[in-house]
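Coordinates in review
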Amino acid sequence: MEHRHKQPNLEVRVKNIIEVDGLKFKDLNNSGKLEPYEDWRLSPTERAENLVSLMNLDEKVGMMLIHYRQMGLSQKDKSKTSHDGVLDEAIVEKGENIFAASKIWGTTHTIENMHLRHFIHRDNWSPAQMAEWINTMNEVCEGTRLGIPCLIASNSRNENAEAVFGMNDAAGIFSTWPGTLGLAAAAKGDIKNGGDSSLISQFAQIAHDEWDATGIRKGYMYMADVATDPRWQRTYGTFGEDPEFIADAIGRIIDGFQGETLGNHSIALTTKHFPGGGARENGFDPHYEEGKWNLYPTPGSLETYHLPPFRAAVEHGTSSMMPYYSIPSIKKSVVQQFEGEDIPFEEVGFTFNHYFIQHILREKLGFKGYINSDSGVTNKMCWGVEHLSEAERFAKAINAGTDLVADTNDVENLKLAIQNGWISEKRIDEANVRLLTEMFTLGLFDDRTYVSPEHATAVVSNPANWDAAYEAHKKSVTVLKNSDRTLPLTPDTLTGKKIYVEVFHKEPERAASYTERARKECQELGQFTLTEKVEEADIAILILHPKSGAYFTATPGLLELEICEKKTLTALDGAMYEETTLNGMHHLKEVADSVHIRGGKVIVSVNVILPWILANVEPLADALIAGYDTFYKAQFEVMAGNYRPVGVLPLTLPASEAVIAVDENGKCVSRNDVPGYDKDKYMPEGLEYAYKDSDGNIYKLGHGLTY
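Heads up: these notes are all about the structure in this document.

Conventions adopted
- Residues numbered from 1 in each chain as written.
- Predicted model: local features only at pLDDT ≥ 70, side-chain atom pairs only at ≥ 80, totals over all residues.
- Heavy atoms only, no water.
- Phe/Tyr/Trp six-rings, centres within 6.5 Å; stacked < 30°, edge-to-face > 60°.
- Helix = DSSP H or I, 4+ residues; strand = E, 2+ residues; numbered from the N terminus.
- Buried < 20%, exposed > 50% of the residue type's maximum accessible area, 1.4 Å probe, protein only.
- Lys NZ or Arg CZ within 6 Å of the ring centre and 35° of its normal.
- Axes fitted to C-alpha atoms, helices over the stretch in contact; angles between N-to-C directions.
- Left-handed = near helix turned anticlockwise from the far one by under 90°.
- Contact = heavy atoms within 4.5 Å.
- Nonpolar A, V, L, I, M, F, W, Y, C, P; charged D, E, K, R; others polar.
- Expected span 1.5 Å × (residues − 1).
- Pairing = 2+ DSSP bridges.
- Parallel < 35°, antiparallel > 145°, perpendicular 65-115°, else oblique.
- Polar contact = N/O pair within 3.5 Å; in protein donor to acceptor, adjacent residues only side chain to side chain.
- Right-handed = clockwise from strand over helix to strand, strands pointing away.
- Salt bridge = Lys/Arg side-chain N within 4 Å of Asp/Glu carboxyl O.

Next up on the list: the packing of aromatic side chains. Throughout the structure, instances matching the rule amount to 19 aromatic pairs. Between phenylalanine 25 and tryptophan 40 the ring centres are 5.1 Å apart and the planes differ by 25°, which places this aromatic pair in the stacked class. Here the residue phenylalanine 25 occupies a position in strand E2 (residues 23-27), and tryptophan 40 occupies one in the loop between E2 and helix H1 (44-54), the gap between them amounting to 15 residues. Taking relative accessible area as the criterion, phenylalanine 25 reaches 0% and is therefore assigned buried. Here tryptophan 40 falls in the buried class, since its relative accessible area comes to 6%. Between tryptophan 211 and phenylalanine 257, the ring centres sit 6.2 Å apart and the planes meet at 80°, which makes this aromatic pair edge-to-face. Taken together, the residues span a long stretch of sequence, with tryptophan 211 in helix H6 (residues 198-214) and phenylalanine 257 in helix H7 (residues 243-258) at a distance of 46 residues. Of the residues examined, tryptophan 211 reaches a relative accessible area of 0% and is grouped as buried. With a relative accessible area of 0%, phenylalanine 257 lands in the buried category. A connected cluster of aromatic rings, assembled from ring pairs, spans Phe174, Trp177, Phe203, Trp211, Tyr222, Phe239 and Phe257. A cation over an aromatic ring shows up here: arginine 13 above the ring of tyrosine 450, its NZ or CZ 4.2 Å from the ring centre.

Written as structure tokens, this is what we have:
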């Protein structure tokens, strides 16, 4: 392999460079001689094996944990920072926040004394500031005994969304695209028009360049989960409900971020959440106990619907895989098969599930990378192993095949499990070799330890990236209903007409600030005459941002999918409570009625982050649009006819509460494990799953009108 012998451009900040055979190498362990792990001519695996042979137990333990790490800029108390405010050195006592399951030490202590080398980055500063922070982290790493660098991971940073910790931590700094469902709506629209999903490839390539320039080399993305249970709060992070499309999209995402093979400019990806989180029990999420089960009541559903995107991820060489928190339920499932073999369900979370990781993922699918658990599996979301001690949970996960345990710095319990003889040294070494092989392949030991902050600024500010993202916003806009050709609002239809714009949200204060933004963006377009008085309006554009449920806590009853205000519901324990998914429903109807009485038109846009039941808003609308955290301006452009609608629904919208009703035994009338487009195969006589509007449009996967 000749390319290995080309001298890389090496930079050191603490250690020295030595010359051997007229070539330069980093003397990372200060020995004055060239160790195999320092020799960039050798393969990543050879180097990893050598390095592991030199590491002590504490160094190996630290390598197997990844923990959240704040930047110094986010630390308000500057006396608790180092390196001119770049690194955060604060100590957070156990239990001070939801993620401080054990005491959090400062950055330098964590690197030097706890030996952690994997860190989750959730802050959202400028590209140059992020690059400088990552460089400084690596400078501290370089000064340690073996000079092992660190690898910074992050959740998605290129999608427009309201911030949710641990899902979309950061938006608006890198080129900002619509939400994942919006990418799916746009790409599926291109396919419907005779094209393909190359929009997804373009997205991945552009995002790759921004991450690579900044030094964030690991992505916790994307979700390969197929959305089959409509009440699952995380639906918005998926590519929808079509397994074939999702498999194609995931393949393109991996090729774009990682390249054909992993190399020194790749962003290594962690595909999640194996073997698919969509098969929820009535929408409850395994971040809390009520949602700990995955259900497979339908013969063949796991293999037919849920596993194909993960097969694609393996085929495209995803660097690592994240298993879901949930437990496969024996009682609430029928026996599932994979490639003709019955799958034994062990009722433990998938990160503890030896059969799923070793047999299905590694042996059957041929996965070669490493397993990265989801956050908190040893302390909070340890479903099925709650009775075990934390050290025993580490042992169970690692012996099942998990190599990197997420969002923890609990070196004590992992070390205890090893010292008690519950995990073999051979297994610890195997995990370390896997983890270090990725680091060597990414060039982190050689020419990619440090990045240029100036270069990061230049790459991220490239207008072409932002233009491509904006184009995807326009493409994602999905026209669900267009009675009597209400749209497009062309100049001739608008003569002498005034337009009223208002945004509705679950939170009134957000509604007010979003309304201001929407009116400003509408004004900038310069094609509509706006009025702030409803009584003067000939046309109303009403943009709805419904919200339902919470990410870390269960709702008292089932997640509400109707767009409603102060609706009385029954909790699972029989108590009554009120639910609001959109504030101002009465006002919404008043605005629509006021415009209609005068013979005007009402255009409603709904932000589809969940498969909403639209019965309370669709009848008010002459034209109904779906967006997916899509920019307002892009929506106005489509309404104005500047851009022909392309987007289609990436999932099916349910007809009513009746088609997702759950009986007293917790059984749903439509199958939790089957995508919307196929649910009718299992519906009782006389019930059809998809919503049908007053014009006869059926809001199922792939629906989208154009003009």
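Turning to the packing of helix H4 (residues 127-142) against helix H14 (residues 453-460), a few remarks are in order. For the pair H4 and H14, interaxial distance at closest approach is 8 Å and the crossing angle is 145°. Considering only the axes of H4 and H14, their crossing is right-handed. Between H4, through Pro127, Ala128, Ala131, Glu132 and Asn135, and H14, the contact on the second element is made entirely by Pro453, Ala456, Thr457 and Val460. Partitioned by chemical class, the residues of the contact of H4 with H14 number six nonpolar, two polar and one charged.

The next point concerns helix H5 (residues 180-192). In an α-helix, one full turn covers 3.6 residues, which means residues spaced three or four apart are oriented alike. Counted at 1.5 Å a residue, the expected span for H5 with its 13 residues is 18 Å, and the 18 Å between its end C-alpha atoms agrees. With 11 of its 13 residues buried, H5 lies for the most part within the structure. Listed as buried for H5 are Thr180, Leu181, Gly182, Leu183, Ala184, Ala185, Ala186, Ala187, Lys188, Gly189 and Asp190. Positioned one or two residues after H5, glycine 194 has a phi angle of 90°, which is positive.

For the rest of this paragraph, the subject is the sheet that holds strand E22 (residues 601-607). Sheets are built from strands paired through backbone hydrogen bonds, the pairs being either parallel or antiparallel. Taken together, five strands build an open sheet; the order of strands is E17-E23-E22-E19-E18 and the sheet is mixed. Two strands lie at the open edges of the sheet, namely strand E17 (478-482) and strand E18 (499-505), each paired on one side alone. Sheet twist, expressed as the average angle between the axes of neighbouring strands with direction ignored, equals 15°. The sheet contact formed by strand E19 (residues 539-545) and E22 spans six bridges and is parallel. Following the sheet pairing, leucine 542 is matched in E22 by valine 604.

The next subject is the packing of helix H17 (residues 508-525) against helix H19 (residues 632-639). At a minimum axis separation of 9 Å, H17 and H19 run at an interaxial angle of 45°. With respect to H19, the axis of H17 lies oblique. Crossing of H17 over H19 shows right-handed handedness. Residues Tyr514, Arg517, Ala518, Glu521, Cys522, Glu524 and Leu525 of H17 lie in contact with H19, whose contacting residues are Tyr632, Lys633, Phe636 and Glu637.

Let us now look at the environment of threonine 493. The topology assignment puts threonine 493 in helix H16 (residues 491-494). Here threonine 490 takes part through its backbone oxygen, which lies 2.7 Å from a polar atom of the side chain of threonine 493.

A separate point is the sheet that holds strand E7 (residues 151-154). Ordered by their spatial adjacency, eight strands build a closed barrel running E3-E6-E7-E8-E9-E11-E15-E16, and the pairing between neighbours is parallel. When strand E3 (residues 65-68) meets strand E16 (residues 404-406), the two strands line up parallel, connected through two bridges. Considered in E16, the bridge of isoleucine 66 is made with alanine 406.

Right, let's talk about the pairing of E7 for a bit. By the alternation rule, side chains of E7 split into Leu151 and Ala153 and Ile152 and Ser154, which are all buried. Inspection of the sheet shows strand E6 (residues 118-120) paired to E7 by three bridges, in the parallel sense. Residue pairing across strands places histidine 118 opposite leucine 151, the latter belonging to E7. Viewed along the sheet, the connection from E6 through H4 into E7 turns out right-handed. Sheet topology places E7 next to strand E8 (residues 218-219); two bridges connect them, and they run parallel. Bridged to alanine 153 within E8 is lysine 218.

Attention now goes to the pattern of salt bridges. Enumeration over the complete set of coordinates arrives at 45 salt bridges. The salt bridge involving arginine 427 is made with aspartate 403; its shortest N-O contact spans 2.9 Å. Of this pair, arginine 427 sits in helix H13 (residues 425-441) while aspartate 403 sits in the loop between helix H11 (390-400) and E16; the two residues are 24 residues apart in sequence, bridging distant segments of the chain. Side by side, arginine 427 and aspartate 403 carry an identical accessibility label, which is buried. Here glutamate 657 makes a salt bridge to lysine 567, at a shortest N to O gap of 2.7 Å. You can see glutamate 657 sitting in the segment after H19 and its partner lysine 567 sitting in strand E20 (residues 567-570), a full 90 residues away along the chain. On the basis of relative accessible area, lysine 567 is assigned to the buried category, the value being 17%.

With that settled, consider unusual backbone geometry. Most peptide bonds take the trans configuration, and most residues that are not glycine carry a negative phi. Residue proline 275 is reached from phenylalanine 274 by a cis peptide bond, and omega for that bond is 0°. You can see proline 275 is positioned in the loop between strand E9 (268-274) and strand E10 (293-294). Not every positive phi belongs to a glycine, and aspartate 21 is a case in point at roughly 50°. Overall, aspartate 21 belongs to the exposed group, its relative accessible area being 61%. Although it is not a glycine, aspartate 84 sits at a positive phi angle of roughly 55°. Structurally, the position occupied by aspartate 84 is in the loop between strand E4 (81-82) and strand E5 (87-88). Judged by its relative accessible area of 86%, aspartate 84 falls in the exposed class.

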